[in-house]
Amino acid sequence: MSALLEVEGLTKRFSGVTAVKDVSFTLAAGEITGVLGPNGAGKTTLFNLLTGFLPSDHGAARLEGRSILRAAPHTIVNLGVARTFQLCRPFHGMTVRENVVVGCLAPRAQIGAGLEQRVSDILEEVGLAHKSEQPVDILPYGDLRRLEIGRALATRPKLLLLDEPFAGLGAGEIEPLVQLIHRLHDTQGLTILIIEHKLREFMQLVSRVIAMDFGEIIAIGEPADIVRNPLVIESYIGKADHGVA
Amino acid sequence: MGGAVLVGLLAAAPPLLHNQYFTGVFIVCAIEAIWAASWNFFSGLTGRENFGTALFIGGGAYTAAFFNSTFGLNAWWSIPGGIVVAVVLGLVVGFPTLRLKGPYFALATLASAAIMQQVAINLWQYTGGSEGIYGLDRLVDSSLGYYYFVLAVLLATVLVLSLIAHSRWGTILRAIKGDETACQAAGINVTVYKIASLALSAAFAGLGGVLFAHYQQAVTPDDFDVFLSISVIIMAYVGGIGSIWGAAVGGILLNLMLELLRGMGEYRLLVYYLILMVVLFFMRSGVVVPLWRRLSGGRSA
């Protein structure tokens, strides 16, 4: 497998606090990787750096050898990196279908006349076909997550970044979402990077974990090894208020 | 169907009333409707409220005055000239300000319109100062003829802007209103769409300004003050935010209402603003569009 994404020495400071410090890793094409860490470990900042929503201070990030760090968010999407947000950000005042349409209008999606069919296919894929005409503002949270994933898929990404896709979901909603992510990986060969601070969902999903704490990578490895890693255990147990759920 | 009735009413009213004064009232109604429709295209769809549409209107109107009165060009040159100047003003205002979020865009547009007004007063050697520029030709000789010309421009404006609002372009503008950050995350270059849309909105506002200048046959800085910008916003709110034709109808109704209240003398504006407050408090999605939906049995127009 060749490297889809290479990150080298990525660093971001916020007025004295180093949110992301000298982070380096590579993602192989077709891999599902998790970013694990307690709240405040720098996971979301890392996503914001990779997607152009925050400028980095140092370091490099290359998608298939091409630097993405100085690019605008929409440019990075059109190079093939799509994301979802930790707190869902639907287009308020629009329907489920229209939300996905906007993703299909990204230049990368290259949709002409086939727009309607493409949107229907995506809604089918994420399980929202029966709600396509509903306004997003009445959608339950679990559906908003699926919608965010659908909108990201609409841009035809190579790499999908999911920021805590299970946060705020009920027990019954997590398993179908895990299956959806598996299906996207299996059928479309998507490379996926998932942020999560709970271990349980990770074990089922990812083949590799990048563990972070205080902005630094403290371990990279298979899930089974990561949960036994003393540094990882310490980062969780040392912060009883965050807890391992 | 209902639209045709509305247009028929608008076309038939002035000749039936057969009164020069009322024809003038309808001309102003139609021009202000163009302004309201152009405002609603950009601000109603994107949610970025432009408090300085008087800049674009005044830009168009002063261009007409310079071209026709100062340089003595044929009056029809005012239309392309006014549109180009308004578009340039839209780009000049849009580039630095459309990156701003929250109230900053609104304040920046408000300030830029105020600056233009001051410039028009201060450069009196060229602009005639607060006296303005007089002696513009009429575009069409008869009042009724001019009314039909303005009405045709209004219909074209509503048609063009509605078509765009219902196209993929309009979908993207509504997505920007829905969540601009998410729109970037969906791969859309929101800056390009916002600036292009503001420029298009400015083009039609400026076109309305040209029609206004040639109707009054004069321009003065007072015509393009902050109250003009705000009254255009009110027209769009009364019509229905985001609806092009709703804003146009809102503009016509508010101007007619202001005219009907003329009998109330000094209480006219008081009553007018009271009605507005009631509308804005109790009918948050406007009057024209919701009323239309009810009358046409729930179908969207």
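Just so you know, these numbers come straight off a predicted model, no measurement behind them.

Next up on the list: helix H6 (residues 171-188) of chain A. Structural remark: α-helix, 3.6 residues per turn; residues separated by three or four positions point the same way. Residues and elements named next belong to chain A. Taking 1.5 Å as the rise per residue, H6 with 18 residues should run 26 Å; its terminal C-alpha atoms sit 26 Å apart, in good agreement. The complete set of buried residues in H6 reads Leu177, Ile181 and Leu184. In an axial view of H6, the angular spread of the buried residues amounts to 60 degrees, which keeps them on one side of the axis. In H6, those exposed residues whose orientation departs by more than 90 degrees from the buried face are Ala171, Gly172, Glu175, Asp186 and Thr187. Two residues or fewer after H6 comes glycine 189, characterised by a positive phi angle close to 65 degrees.

Trans peptide bonds make up most of the peptide bonds, and negative phi angles are found at most residues other than glycine. Residue and element names in this part refer to chain A. At arginine 156, a position not held by glycine, the phi torsion is positive, near 55 degrees. With respect to the secondary-structure elements, arginine 156 resides in the loop between helix H5 (141-154) and strand S7 (159-163). Since 20 C-beta atoms lie within 10 Å of it, arginine 156 is described here as buried. We note that phenylalanine 214 has phi near 50 degrees; this positive angle belongs to a residue other than glycine. Summarising the element assignment, phenylalanine 214 is placed in the loop between strand S9 (208-213) and strand S10 (216-221). The exposure class assigned to phenylalanine 214 is partly exposed, which follows from the 15 C-beta atoms found within 10 Å.

Opposite the 21 residues of chain A that make contact, chain B presents 17 residues. Among the secondary structure elements, those contributing two or more residues to the side of chain A that touches chain B are helix H2 (73-79) and helix H3 (96-104) of chain A.

Moving on to the nonpolar core. A general feature of soluble globular proteins is that nonpolar side chains tend to end up buried together. Residues and elements named next belong to chain B. Core analysis: the biggest nonpolar cluster contains 167 residues, and Ile31, Ile34, Ala36, Ala37, Ala61 and Ala248 have the highest contact counts within it. Sorting elements by how many residues they give to this core places helix H2 (residues 20-46) first, with 16 residues. Residues within four places of alanine 61 in sequence aside, it is in contact with Gly209, Val210, Phe212, Ala213, Val219, Asp223 and Phe224.

Rules of the game
- Residues numbered from 1 in each chain as written.
- Chains lettered and ligands numbered in written order.
- Predicted model: local features only at pLDDT ≥ 70, side-chain atom pairs only at ≥ 80, totals over all residues.
- Helix = DSSP H or I, 4+ residues; strand = E, 2+ residues; numbered from the N terminus.
- Expected span 1.5 Å × (residues − 1).
- Buried ≥ 20, exposed ≤ 12 C-beta atoms within 10 Å, placed from the backbone.
- Arc of directions from axis to C-beta.
- Contact = placed C-beta atoms within 7 Å.
- Core = buried A, V, L, I, M, F, W, Y, C linked by C-beta atoms within 7 Å.

That's the geometry; what it means functionally is another story.
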